[in-house]
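Analysis of the macromolecular model
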Amino acid sequence: MLKKILSVFLKALAGLAVFYLILGFVIIPLGVFFGGPIIGKKVLNHPVQIRSVFFNPLTLSFSIRGLAIQDQKVQETLVGFDRFHADISVLGFLKKKIHIEDLSLDGLLVHAVLLSDGTINLMALAPAQDQKEGEEKDQPKPEVPDETSLQEGPAAAPASATTMSLPLIEVDRIALTNGRIAFTDETMTPAFSTPLHGIDVAITGFSTRPDAVTRVAFQALLDEKGKLSMETQVKPLAQPLEAEMTFSINDYALTVLRPYVGKYTGRDLSDGKFDLRLDYRISNNTLNAGHKILVQKFTFGEKVDSPDALNLPWGLAIALLEDPQGRISFSVPAKGDLNSPEFDYFRLIGQVFRNFFMKLVTKPFSMLASIAGIDTDTGTDDLGYVRFSPGEAGVREEEAQRLGTLIKGLKERPRLKLEINGTYDPVTDWTAIKTAALEKEVADLTAESLKEEGEIYQLIYQRRFGIRDLWALAKKHKQKVGVYDDPAFIAAVKKQLIEDAPPDTSALKPLAQERAEKVLALVLEQGMDPARVRTGETREVTASMGEVPLEFTLTLFEETP
């Protein structure tokens, strides 16, 4: 009896083993091979092809060769790969975990197209949501009990929600080799295309344990020479997320981007090489990012017609950034709070770079101050002007020092030319000139006669306005017969001599020109190339804080302003 039971058991076990082998070696591969394209086309609405499928039920090795999702319109592969392979450890199940020894994807191919209507062709692969959303809309909304009933109900459910714990999953290695992404932008005329090829990605240490550190290494070629690389350490399931990433692009030929440069600048691009380094760190729900950019030998070509060209002084911007060795190097930091509901990475980065370039174009002298080592964000004055005392042309010591800082920045930017615009304030400067002239006239008359200062002022007033006006002014300060408020009377005389003196603008323009010449002399004394500096037309300005600003203008050294 025991032998029969054992025989039946062994036969059943053998049958299960045979069934398991048939299921693994035959049924599962055939099911995926024939069913995959059918389900894939139904879900993705695109033809799906599979060349072969293999599954080893003994070693739990699974592989798919030659998968391709086709675009019916142009008869080309949208997304596909040459081979996908997975090795699952059998011993892992005995340790109550899913242990995947290897996941590899070889020959990934992605063809992304930005269509002329602004959409991306890959979006067509997303499953349609219209029907599902319509069914959800048709479902009646559950009634929400009011607050009182929730409080009074004897069996109110607790408010806290339970969190589903993930099973323990460990992946020793995830590899992507020989990948290729082809990008085409059909919004450009002619269409712009660029490949990202030779993509190699290695991921190690992935686990669902919150303290597990996953490392990612990425390498690829952009076009023919541009080298992309990335190294990342991240705790993907840690709360809050912790990650560090370094990404770089080296030796990228900017001439590939010629269509975009022409479209948005209205100028062709003759030459240029690009390097980029990104350093990102996420800790305590805070993003700290650094962007270091190096452009070498950037050269604009001829002007091109483009209705989308931005009306910005691109040549001046390049000249502000380019050092004597023809390099454009700058750093742009960024910081964001991941907890903020308004946080959006692309909006943050776009705003940071937009602010940088707007400051570059609208405040070029602040950029020169930064080049000279001055932090303009701490309230340091702009270098775009020199301040003069009203009516004077001498450059004060503190202004000469600021001028030296400007010259230091200009020497680091050899493609810039400085124009010195002499200025005057018709009110502030003229008042100072009249005051100085009156004081000199009083001093001269005092030296020539024995009269007191008050009598000298009255004499000058009488000569300018007549004896009757002098009597009328004196009457306003009469206290009683024969008694006058002499200090107030003399002060009124001085005030009227200055304020009511006839204007003489012919004395203001020479003052402005003299200021410009004094500044020009100081600039040349500090070793500035005479060909890169000149005086321009005089300008009328308004004094600020009791001082008259003399303004500078920056132009390109190679071009006629």
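Within every chain, residues take consecutive numbers counted from 1 along the sequence as written. Note on the predicted model: pLDDT of at least 70 is required for a residue's local features to be given, and 80 or more for side-chain atom pairs to be given and counted; whole-chain, interface and lining totals, by contrast, use all residues. Only heavy atoms go into the side-chain values, all of them from the structure, while hydrogens and water stay out.

**Observations concerning the overall build of the protein**
To be explicit about the condition: By definition, any uninterrupted DSSP run of H or I lasting at least four residues is a helix, any uninterrupted run of E lasting at least two residues is a strand, and each is numbered from the N terminus. Any two residues whose heavy atoms approach within 4.5 Å at even a single point are treated as in contact.
The number of helices and strands found in the protein is 14 helices and 22 strands. In the protein, the share of contacts with a sequence separation of at least 24, taken over all contacts with a separation of at least 6, comes to 60%.

**Focus: the nonpolar core**
Worth spelling out the cut-off: Nonpolar core, defined: a set of buried Ala, Val, Leu, Ile, Met, Phe, Trp, Tyr and Cys residues in which side-chain atoms within 4.5 Å join the residues together. The buried label goes to any residue with under 20% of its type's maximum accessible area, the exposed label to any with over 50%, and the partly exposed label to all in between, with areas taken from a 1.4 Å probe on protein chains only.
In this structure, L406, L410, L418, I420, F552 and L554 are the most contacted members of the largest nonpolar core, which totals 84 residues. Once residues lying within four places of it in the same chain are set aside, the contact partners of L418 are F365, L406, L410, R532, V533, R534, F552, T553 and L554. Grouped together as the second largest cluster of nonpolar side chains are five residues, L473, F489, I490 and A492 included.

**Focus on the sheet that holds strand β20 (residues 533–535)**
Backbone hydrogen bonds hold the strands of a sheet together, and the pairing may be parallel or antiparallel. The following threshold applies: Any two strands are treated as partners once DSSP identifies two or more bridges connecting them. Whenever a helix is involved, its axis is fitted only over the stretch in contact; in every case the axis is a line through C-alpha atoms, and angles between N-to-C directions fall within 0 to 180 degrees.
Strand order in the open sheet made by the four strands is β15-β22-β16-β20, with mixed pairing throughout. In this open sheet, the two edge strands, each paired with only one partner strand, are β15 (385–388) and β20. On average, each strand axis in the sheet is inclined to that of its neighbour by 25°, with strand direction left out of account. Summarising the sheet, β15 and strand β22 (residues 548–556) pair through four bridges and their orientation is antiparallel. By the bridge assignment for β22, Y385 is matched with E551. The strands touched by helix α6 (residues 314–321) within the sheet are β16 (416–421) and β22, with β22 carrying the most contacts at an inclination of about 100°. Its contacts with the sheet put helix α8 (residues 364–371) on β16 and β22, and the angle it makes with β22 is roughly 85°.

**Quick word on the packing of aromatic side chains**
How we decide: Only centres within 6.5 Å qualify two rings of Phe, Tyr or Trp (six-membered ring in Trp) as a pair; their planes then separate them into stacked at under 30 degrees, edge-to-face at over 60, and tilted for everything else. Comment: the charge-over-ring label is applied if NZ (Lys) or CZ (Arg) is within 6 Å of the ring centre and within 35 degrees of the ring normal.
Tallied over the entire structure, the rule returns 11 aromatic pairs. Ring geometry for Y345 and F346: centres 5.2 Å apart, planes at 75°, overall edge-to-face. For Y345, a relative accessible area of 29% translates into the label partly exposed. When the ring of F356 is compared with that of F357, the centres are 5.1 Å apart and the planes differ by 85°; the resulting orientation is edge-to-face. By relative accessible area, which is 35% here, F357 ends up partly exposed. Through successive ring pairs, a cluster of aromatic residues spans Y280, Y345 and F346. Its guanidinium or amino end placed over the ring of Y385, R402 lies 5.1 Å from that ring's centre, counting from NZ or CZ.

**Topic: the pattern of salt bridges**
Stated precisely, the cut-off is as follows: When a carboxyl oxygen of Asp or Glu is within 4 Å of a side-chain nitrogen of Lys or Arg, the pair counts as a salt bridge.
Tallied over the entire structure, the rule returns 20 salt bridges. For the salt bridge of R277 with D279, the shortest nitrogen-to-oxygen distance reads 3.0 Å. Residues R402 and E399 are paired through a salt bridge, measuring 3.0 Å at the closest nitrogen-oxygen approach. With a gap of three residues between them, R402 and E399 both fall in helix α9 (residues 397–411), about one helical turn apart. The structure contains a network of salt bridges with shared partners spanning R387, R396, E398, E399, R402 and E547.

**Side note on helix α1 (residues 2–44)**
Formally: The angle separating two fitted axes, one through the seven residues that finish at a residue and one through the seven that start at it, defines the bend at that residue.
Of all the bends in α1, the greatest, near 40°, is centred on L23. Of all the positions in α1, only G24, P29, P37, G40 and L44 are classed as buried. Where α1 is buried, its residues contact β1 (48–49), β2 (52–56) and β3 (61–71). Two residues or fewer after α1 comes N45, characterised by a positive phi angle close to 60°.

**Some points on the packing of helix α7 (residues 345–362) against α8**
Threshold: Every angle not falling under 35 degrees, over 145, or within 65 to 115 is termed oblique; those three ranges are roughly parallel, roughly antiparallel and roughly perpendicular. Charged means Asp, Glu, Lys or Arg here, nonpolar means Ala, Val, Leu, Ile, Met, Phe, Trp, Tyr, Cys or Pro, and polar covers whatever is left, Gly included.
α8 packs onto α7 with a crossing angle of 105° between their chain directions and a minimal axis gap of 5 Å. With respect to α8, the axis of α7 lies roughly perpendicular. Along the contact surface, α7 presents F356, K359, L360, V361 and T362, while α8 presents P364, S366 and M367. Among the residues making up the contact of α7 with α8, the classes are represented as five nonpolar, two polar and one charged.

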